[in-house]
Structures are given as C-alpha cells and as structure tokens.
Amino acid sequence: MSLRIDILTLFPEMFTAVLGTSIPKRAAEKGLVEYRLKNIRDFAEGVHKSVDDKPFGGGPGMVMMAPVVFDAVEAVEKQDPRPATRILLSPQGRPFDQKLAESLAKHPRLLLIAGHYEGFDERIIEGLRPLEVSIGDYVLSGGELAAMVVVDAVVRLLPGALGAEDGAADETFAGGLLEHPQYTKPRDFRGMGVPEVLLSGNHGAIAAWRHEQRKERTRRRRPDLWRAYENTTEDRADD
Ligand code: 9D3
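The rules behind the values
- Residues numbered from 1 in each chain as written.
- Predicted model: local features only at pLDDT ≥ 70, side-chain atom pairs only at ≥ 80, totals over all residues.
- Heavy atoms only, no water.
- Pairing = 2+ DSSP bridges.
- Helix = DSSP H or I, 4+ residues; strand = E, 2+ residues; numbered from the N terminus.
- Axes fitted to C-alpha atoms, helices over the stretch in contact; angles between N-to-C directions.
- Contact = heavy atoms within 4.5 Å.
- Near = heavy atom within 4 Å.
- Polar contact = N/O pair within 3.5 Å; in protein donor to acceptor, adjacent residues only side chain to side chain.
- Areas by Shrake-Rupley, 256 points an atom, 1.4 Å probe, with all protein chains shown as cover.
- Nonpolar A, V, L, I, M, F, W, Y, C, P; charged D, E, K, R; others polar.
- Expected span 1.5 Å × (residues − 1).
- Buried < 20%, exposed > 50% of the residue type's maximum accessible area, 1.4 Å probe, protein only.
- Salt bridge = Lys/Arg side-chain N within 4 Å of Asp/Glu carboxyl O.
- Parallel < 35°, antiparallel > 145°, perpendicular 65-115°, else oblique.

(A) Region of the structure containing the sheet that holds strand S7 (residues 119-120). With mixed pairing, the three strands of this open sheet are ordered in space as S3-S4-S7. Looking at the sheet topology across the chains shown, the edges are occupied by strand S3 (52-53) and S7. Looking at chain direction, S3 and strand S4 (residues 63-64) are connected through two bridges and run antiparallel. Across the sheet, residue aspartate 52 finds its bridge partner in S4, namely methionine 64.

(B) Quick peek at unusual backbone geometry. Residue proline 186 follows lysine 185 across a cis peptide bond; omega there is 0 degrees. Looking at where proline 186 falls in the secondary structure, it is placed in the loop between helix H7 (164-170) and helix H8 (196-199). Even without being a glycine, arginine 129 presents a positive backbone phi close to 45 degrees.

(C) Highlighting the sheet that holds strand S2 (residues 33-39). The strand order across the open sheet formed by five strands is S2-S1-S6-S5-S8, and the pairing between neighbours is parallel. Two strands close off the open sheet at either side, each with one partner strand: S2 and strand S8 (131-134). Strand-to-strand twist in this sheet, taken as the mean axis angle between neighbours without regard to direction, amounts to 30 degrees. Packing against the sheet, helix H3 (residues 66-77) makes contact with strand S1 (3-9), S2, strand S5 (85-95) and strand S6 (109-113), and its axis sits at approximately 160 degrees to S6. The strands that helix H6 (residues 144-155) touches are S1, S2, S5, S6 and S8; relative to S1, the one it contacts most, it runs at about 175 degrees.

(D) Geometry of the site of the ligand. In the vicinity of the ligand there are 16 residues, among which Glu118, Ile135, Gly136, Tyr138 and Leu140 approach most closely. Isoleucine 135 places a main-chain nitrogen or oxygen 3.1 Å from a nitrogen atom of the ligand. In the model, an oxygen atom of the ligand is placed 2.8 Å from a nitrogen or oxygen of the leucine 140 main chain. Across the complex, the protein chains shield 74% of the 580 Å² of accessible surface that the ligand would expose by itself. Sorting the residues of the shell around the ligand by element identifies S5 and S8 as the ones contributing at least two each. Top contributing element to the shell around the ligand by residue count: S5, with three residues. Its residues placed into classes, the shell around the ligand shows nine nonpolar, six polar and one charged.

(E) Local environment of the environment of proline 12. Its location among the elements puts proline 12 in the loop between S1 and helix H1 (13-19). For the pair proline 12 and isoleucine 40, spaced 28 residues apart in the sequence, the C-alpha separation amounts to 9.2 Å.

(F) Representation of H3 within the structure. Spanning twelve residues, H3 covers 16 Å between terminal C-alpha atoms, matching the ideal 16 Å at 1.5 Å per step. Buried within H3 we find Ala66, Val68, Val69, Ala72, Val73, Val76 and Glu77. Buried residues along H3 sit in contact with S1, S2, S4, S5, S6 and helix H5 (122-128).

(G) Highlighting the pattern of salt bridges. If you walk through the whole model with that rule in mind, you get 13 salt bridges. For aspartate 80, the salt bridge goes to arginine 4, with nearest N and O atoms at 3.9 Å. With aspartate 80 in the loop between H3 and S5 and arginine 4 in strand S1, the pair connects residues that are 76 residues apart, well separated along the chain. The two residues aspartate 80 and arginine 4 agree in class, both being buried. Aspartate 6 is the partner of arginine 109 in a salt bridge, and the nearest nitrogen-oxygen pair spans 3.0 Å. With arginine 109 in strand S6 and aspartate 6 in strand S1, this pair connects stretches of sequence that are 103 residues apart. When sorted by exposure, arginine 109 lands in the same class as aspartate 6, which is buried.

(H) Spatial organisation of the packing of helix H9 (residues 203-221) against helix H10 (residues 223-233). In contact at an axis separation of 5 Å, H9 and H10 are set at 125 degrees when each is read in the N-to-C sense. One element, H9, and the other, H10, form an angle in the oblique class. Taking contact as the criterion, the partners of His211, Lys215, Thr218, Arg219, Arg220 and Arg221 in H9 are, on H10, Pro223, Leu225, Trp226 and Tyr229. Here the residues of the contact of H9 with H10 are counted per class, giving four nonpolar, two polar and four charged.

So, in structure tokens, the structure goes:
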C-alpha cells in the first residue's frame, strides 16, 4: 500500500510545481505516494466564505477558525479508512529533522495542515491533537513552504524513490558528517585548480582525504553535529 499524503491549505496552487517536479513527481508516477490537495476554503460557510477572524482579547493578525479546519480534516479523513497522522505546520512546533522524516516515511497516511495566518484557534490543536512541526527558527508567510519541505524530505525516503546511489549516501546525514568538497571538469577554472590527490588515482588516499575534509568541515561549520558525531564514534580508531 502506498503512502497517502493529504494537504489542507488555502493555496493548493503553491504545491503544484514542487509535487510535479523531480523526485516527488517520480515517486507519485511509480505509485509510491499519492498527493491529495484540498482547499480549506471549500469548508467555509456563509457568503464571505471566511476561514479566519480577529483574535478574542485583541491583538494583531487573524486566527484560523476551528469549525472550518475540523470540517476539512473530518471530510478528508473519511475518504480513506487508514488512520491519518495529523501534522500541523507551526512556528511553535517540534523542529523538523531527518529523524522525524524517517519516522514519518513509515506511516501509511499523513495529513498536513498549512495555515496562512498568525495562528490557529487553540481548540484546533486541543481537539485534533496534531503533531506540530516547525522547519526552523525563521518567519515564513505561511505553513505552505514548510509543508512542502516535510513532504519532500519524507517522499525521498520511500523505498524505490531514489536511484540506488543516492539512497546509501543519505543515511550518513542524521548524526553524521557534512559532505567533502567536490570537483569536476575543467581541471583549471579561472586559475583555481583541483586538489592533486583527486587526480592521483590513489583510491585509498582519496578516501582518506575526503574523510579528513568531512571532519574538518563539520568541526568548523557545525559544532553541534560534530559533538554528536564524536559521541557516537569515540571508540573508532580512525578518528
Ligand atoms: C508574531 C508571531 N509570529 C510567530 C513567529 C506569527 C506568525 C508568523 C508567521 C505565525 C505564523 C507564521 C507563518 N509560519 C508558519 O505557518 C510556519 C513556520 C514558520 O514561519 N517558520 C518555520 N516553520 C514553520 S511551520 C509553519
């Protein structure tokens, strides 16, 4: 059974380019995943089809209304008997990382809820008990790009989504090292050369150089990853 991903959003058209390109597109063509976009506004009532309103107690911005989101979630969930893992994209959410992507890739069905307002009525969270997910500490205009990030990171982990070569390389990232520098033709570009060892044909020396570069980069650029790496490899002789 393939993964079903429902996405509730006010701007479904934002998703079409991302889901219709590259790996997310190929994964759907291979039958590994199915995307179902639904406009939250379809569940709005009244002549104005409102989905948001002013916060009780005052304050800036608009708040997504609970009845609309509940109706949307219930309607979409009824379309398939498999229970959906509900994910609400929110700046208050759990920081998204490769570990969470790996865990979500094992679920049969995901339901992503992306808002485009200052926030959600708290009763949406209280009543639907979604997993709240943030993609990092910066301010976006809405949850849509965050939802696309989550979908992209999850879908490429589905068995068969990647070519055989890419698949193995990915596993090193979570708690691993950053990549080493890479070079291709031409050998001289505007006076900048290529490290001799890469042209030497000495595969042992190349592997050792790359490993040193990865460690050095990780140590300098990502001390957080470096500490995690050290703590899982302190018994390894070559480090
Ligand atoms: C003034 C308080 N703002 C919170 C930082 C209000 C606010 C701004 C932007 C509330 C929501 C948003 C829209 N962002 C998201 O919906 C969002 C998000 C993000 O902005 N950064 C990182 N991850 C995410 S997930 C959803």
